[in-house]
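# Structural characterization, general
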Amino acid sequence: TASFRADDLMFFNKVLDAASVSALYEEMLEKIEGTASEDGGEDTQADRTLSQLKGYRTYYNDFENGLGDATVVGSGDVENVEDERFGSVYHNATGELGVRKNYLLLPSDTIANAVTAGNDEISVGFWVNVADATNYWFSPMFMAYGDAPSETGNSWPMLALQSRLLAQVNCAGW
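Remember, predicted model here, so these are calculated numbers, not experimental data.

Definitions and limits used
Residues numbered from 1 in each chain as written. Predicted model: local features only at pLDDT ≥ 70, side-chain atom pairs only at ≥ 80, totals over all residues. Heavy atoms only, no water. Axes fitted to C-alpha atoms, helices over the stretch in contact; angles between N-to-C directions. Helix = DSSP H or I, 4+ residues; strand = E, 2+ residues; numbered from the N terminus. Parallel < 35°, antiparallel > 145°, perpendicular 65-115°, else oblique. Contact = heavy atoms within 4.5 Å. Nonpolar A, V, L, I, M, F, W, Y, C, P; charged D, E, K, R; others polar. Buried < 20%, exposed > 50% of the residue type's maximum accessible area, 1.4 Å probe, protein only. Core = buried A, V, L, I, M, F, W, Y, C linked by side-chain atoms within 4.5 Å. Pairing = 2+ DSSP bridges. pLDDT = per-residue confidence, 0-100.

All right, on to the packing of helix α1 (residues 18-33) against helix α2 (residues 45-56) then. At a minimum axis separation of 9 Å, α1 and α2 run at an interaxial angle of 105°. The pairing of α1 with α2 is recorded here as roughly perpendicular in orientation. For the pair formed by α1 and α2, the contact residues are A19, S20, A23, L24 and E27 on the first element and A46, T49, L50 and L53 on the second. Among the residues making up the contact of α1 with α2, the classes are represented as 6 nonpolar, 2 polar and 1 charged.

Residue placement: T71 occurs in strand β3 (residues 71-73). When the C-alpha positions of T71 and L105 are compared, they lie 5.0 Å apart, and in sequence the two are 34 residues distant. Not counting residues up to four positions away in its chain, the partners in contact with T71 are Y103, L104 and L105.

Once that is clear, we can look at the environment of L166. Inspection of the secondary structure assignment puts L166 in strand β10 (residues 166-169). For L166, a relative accessible area of 33% puts it in the partly exposed group. In this structure the C-alpha to C-alpha distance between L166 and P140, which are 26 residues apart in sequence, comes to 8.9 Å. Ignoring any residue separated from it by four or fewer positions in sequence, one finds L166 in contact with A160 and L161.

Glancing now at the nonpolar core. Among the nonpolar cores identified, the biggest contains 12 residues, and these are L9, F11, Y59, F63, A70, V78, Y90, L104, L106, F126, F142 and A144. Put simply, the parts of the chain that give this core at least two residues each are β1 (3-12) and β8 (140-144). The contacts of F11, once residues within four sequence positions are left out, are Y56, R57, T58, Y59, L106, T110, I111, I122, S123, V124 and F142. Formed by 7 residues, the second largest nonpolar core is a distinct cluster that contains M10, A23, L24 and L50.

Looking now at the pairing of strand β5 (residues 88-92). Across the 5 residues that make up β5, a large majority, 5, are buried. What you see with β5 is no split at all: S88, Y90 and N92 on one side and V89 and H91 on the other are buried throughout. Bridge count for β1 against β5 is 3 bridges, and the pairing is antiparallel. The residue of β5 that forms the bridge with F4 is N92. Inspection of the sheet shows strand β4 (residues 77-80) paired to β5 by 4 bridges, in the antiparallel sense. When the sheet's bridge partners are listed, E79 is paired in β5 with V89.

A few words now on the sheet that holds strand β9 (residues 159-162). The strands that make up a sheet pair up through hydrogen bonds in the backbone, lying either parallel or antiparallel. Pairing is antiparallel in the open sheet, where 3 strands are placed in the order β8-β9-β10. Strands with a single pairing partner mark the edges of an open sheet, and in this sheet they are β8 and β10. With strand direction ignored, the average angle separating the axes of adjacent strands in the sheet is 5°.

Attention shifts here to the confidence of the model for the protein. Here the protein averages 77 in pLDDT, and 74% of its residues register 70 or above. Within the protein, the element-level pLDDT minimum falls on β8, averaging 74, and the maximum on strand β2 (residues 57-61), averaging 90.

Okay, structure coming up:
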């Protein structure tokens, strides 16, 4: 299991286009660089895009108030990082190697809420700091399973996003 820090976990019930991803990126840069204005400043296209995105966001956790409705399984915790611009982040601690040993368990309806009637689109977003990460190259940063682990099966995720920019969908569906 890899060690990394993650923040601003988001689920959207639509595919994010380039403008949406850029707006999220610019929002994070403003936060990091301290250039975000208190009054909102001028109304830009990026601001309008972010405002529209909030209507499509079905889950969000910035870890500023702890885990919220998520649960740590195995090792990991919310920690305040030294750089105050980032506040609290989730740190997935290393530990016992193996599938599904150390992870953040989200509410069981997280993906169901993102997939609405007539819409089977979903986007997942989060920021990851791998600057001091260990053993992460082949480790998944995000995995979605159909059900809780069992002794008799369910060992394959429905979706896996790995740190080496590899996405796997329907992993057991060869």
